[in-house]
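# Summary of structural features
Here's the letter readout for the chains.
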Amino acid sequence: MILRSRIVGCGSYLPERVVSNAEMARMVDTSDEWIVERTGIRSRHLAAEGQSTSDLATAAAQRALQAAGITGAEVDLLVLATATPDHTFPATATKVQSRIGMTGGAAFDIQAVCSGFIYALSIADNFIKAGQARTALVIGAETFSRILDWTDRGTCVLFGDGAGAMVLRAEAQPGTNQDRGILSTHLHSDGRHHDLLYVDGGPSTTQTVGHLRMEGKEVFRHAVSNLAQVVGEALEANGLKADDITWVVPHQANRRILDGTARKLGLPPERMVVTVDRHANTSAASVPLAFAEAVNDGRLKSGDLVLLEAMGGGFTWGAALVRL
Ligand code: ACO
């Protein structure tokens, strides 16, 4: 028998304010037609003034804890993925820790931009497999609206705010690819591509928060090939085929990236969970937001083989295979 991380609860939170493409077209020179055709995005949620990443993260975490039927006091590891923390330090995770009543264990942030949730999940899974944690809370939370250049139509239409969370529990399993829980996680980065997607500020360089900058076409090209590569790696590591996957819960960057990756893997688009039309790209929050939506509406069921994948700035990319 080996230790596996079972997903025993999930939850999400979206800020109340919904901004349509028509509203975006009043801010920058764009149109609903252009945004829908190039990205599949129709609307996004934006955080209210004064609402911070920790607020979104705490709301999602509380829902995940409730779904798991546990209290924050039972959590012994909290990993929060964000590129938009409340402060330079301390970690936003420690703020969430205190708000959910988690008094022991360890809480910290990790930063891998849009791949952040896969990175956080992988870290928590490895803590659990090593016996260093028994109950982990993994959160992806972002307020990307705060780092967008609202005069740059090439980027400001693409992103939204939100948070998603999962509770993982250690459980002994036989150690086969039929086990329940996280079967494997796979992480990659290639820092040579820094300049294709980055924020032009930071405490150690400009002493400002900065704005997101992106070479969209280049990011697109790398996204499809990197995602196809890491998905292939995850399947091979478990002796499974694309056909065995019940659902893919991909990072929600762009409808065309989702379709391109599905085609490359030979996966039917109807097995993809898609939220990008209503959430836009919420970076580290997108995978757990989409996951929680598909659990709550009954699409994801016990026993399903689910593939999570993401790619983001750095570049970073990764995948996780999970049997629910
Ligand atoms: N509205 C109208 N026109 C626009 C807009 C807009 N919002 N944004 C750009 N344009 C114009 C450009 O100015 C350009 O005009 P020009 O030909 O007169 O110069 C034209 O549209 C084409 O611009 P491109 O940037 O070449 O458009 P492209 O087809 O590449 O689409 C997009 C842009 C949607 C950003 C695409 O490159 C993309 O999706 N890239 C992936 C980026 C991504 O998803 N990043 C998220 C973070 S990374 C991740 O999560 C994977």
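Residues numbered from 1 in each chain as written. Predicted model: local features only at pLDDT ≥ 70, side-chain atom pairs only at ≥ 80, totals over all residues. Heavy atoms only, no water.

### Describing the overall build of the protein chain
Looking only at helices and strands, one finds 10 helices and 13 strands in the protein chain. For the protein chain, whose C-alpha radius of gyration is 18 Å, the value lies close to the compact-globule estimate of 20 Å for 324 residues. Taking all 324 residues of the protein chain together, 58% fall into the buried category. Surface exposure of the protein chain reaches about 13100 Å², of which carbon and sulfur atoms provide 50%. Of the charged side chains in the protein chain, 30 are positive and 35 negative; the average position of the first set lies 3 Å away from that of the second. (Helix = DSSP H or I, 4+ residues; strand = E, 2+ residues; numbered from the N terminus. Rg over C-alpha atoms; globule rule 2.2 N^0.38 Å. Buried < 20%, exposed > 50% of the residue type's maximum accessible area, 1.4 Å probe, protein only. Areas by Shrake-Rupley, 256 points an atom, 1.4 Å probe, with all protein chains shown as cover. Lys, Arg positive; Asp, Glu negative; His and termini not counted. Charge placed at Lys NZ, Arg CZ, Asp CG, Glu CD.)

### Quick notes on the nonpolar core
One finds Val157, Leu235, Ile245, Leu267, Leu307, Phe315 and Leu321 to be the most contacted residues of the largest nonpolar core, which totals 49 residues. Those elements that place two or more of their residues in this core are helix H7 (216–237), helix H8 (255–265), strand E12 (305–312) and strand E13 (316–323). For this core, the domains that each give at least three residues are domain 1 (2–173) and domain 2 (181–323). When neighbours within four sequence positions are excluded, Leu307 is seen to be in contact with Val231, Ile245, Trp247, Val248, Val249, Ala319, Ala320 and Leu321. Core analysis: the next-biggest nonpolar cluster, separate from the first, contains 37 residues, Ile118, Ala284, Val287 and Leu308 among them. (Core = buried A, V, L, I, M, F, W, Y, C linked by side-chain atoms within 4.5 Å. Domains from an automatic or database assignment. Contact = heavy atoms within 4.5 Å.)

### With respect to the packing of H7 against H8
Remark: H7 packs on H8, axes separated minimally by 9 Å, with the N-to-C direction vectors making an angle of 40°. Here H7 is positioned oblique relative to H8, judged by the angle of their axes. H7 and H8 meet at a crossing whose hand is right-handed. Between H7 and H8, the residues in contact are Phe220, Ala223, Val224, Ser225, Leu227, Ala228 and Val231 and Arg256, Ile257, Gly260, Thr261, Lys264 and Leu265, respectively. Counted by class, the contact of H7 with H8 contains eight nonpolar, three polar and two charged residues. (Axes fitted to C-alpha atoms, helices over the stretch in contact; angles between N-to-C directions. Parallel < 35°, antiparallel > 145°, perpendicular 65-115°, else oblique. Left-handed = near helix turned anticlockwise from the far one by under 90°. Nonpolar A, V, L, I, M, F, W, Y, C, P; charged D, E, K, R; others polar.)

### Concerning the packing of aromatic side chains
Taken as a whole and assessed by the stated rule, the structure comprises two aromatic pairs. Relative to Phe127, the ring of Phe108 lies with its centre 6.3 Å away and its plane at 40°, an arrangement referred to as tilted. Taken together, the residues span a long stretch of sequence, with Phe108 in strand E5 (residues 106–110) and Phe127 in helix H5 (residues 116–129) at a distance of 19 residues. Looking at Phe127, the relative accessible area reads 24%, which means it is partly exposed. Lying over the aromatic face of Trp247, Arg299 brings its terminal NZ or CZ to 5.8 Å of the ring centre. (Phe/Tyr/Trp six-rings, centres within 6.5 Å; stacked < 30°, edge-to-face > 60°. Lys NZ or Arg CZ within 6 Å of the ring centre and 35° of its normal.)

### So, the pattern of salt bridges
A full pass over the atoms with the stated rule returns 19 salt bridges. The salt bridge involving Glu218 is made with Arg221; its shortest N-O contact spans 2.8 Å. Here Arg221 and Glu218 lie together in helix H7, a separation of three residues that amounts to about one turn. A relative accessible area of 29% means that Glu218 is categorised as partly exposed. (Salt bridge = Lys/Arg side-chain N within 4 Å of Asp/Glu carboxyl O.)

### As for the sheet that holds strand E8 (residues 181–189)
In spatial order, the strands read E8-E13-E12-E11; together these four strands make up an open sheet with mixed pairing. The outermost strands of the open sheet, each flanked by one partner alone, are E8 and strand E11 (247–250). When strand polarity is set aside, the average angle formed by the axes of neighbouring strands in this sheet is 15°. Sheet topology note: the E8/E13 ladder contains eight bridges and is antiparallel. In the sheet register, Leu187 faces E13, and the bridge partner there is Gly318. (Pairing = 2+ DSSP bridges.)

### Structural notes on the domain arrangement of the protein chain
The domains assigned to the protein chain are domain 1 (2–173) and domain 2 (181–323). Put simply, the middle of domain 1 and the middle of domain 2, counted by C-alpha atoms, are 14 Å apart. Between domain 1 and domain 2 lies a buried interface of about 3900 Å² when both sides are counted; carbon and sulfur atoms form 66% of it. Where domain 1 meets domain 2, there are one salt bridge. With a closest N to O distance of 2.9 Å, Arg213 and Asp149 form a salt bridge. Summed over the shared surface of domain 1 and domain 2, the result is 20 residue pairs in polar contact (both at pLDDT 80 or more). Classifying every residue of the side of domain 1 that touches domain 2 by side-chain character gives 23 nonpolar, 18 polar and 11 charged. (Buried area = accessible area lost by both parts, 1.4 Å probe. Polar contact = N/O pair within 3.5 Å; in protein donor to acceptor, adjacent residues only side chain to side chain.)

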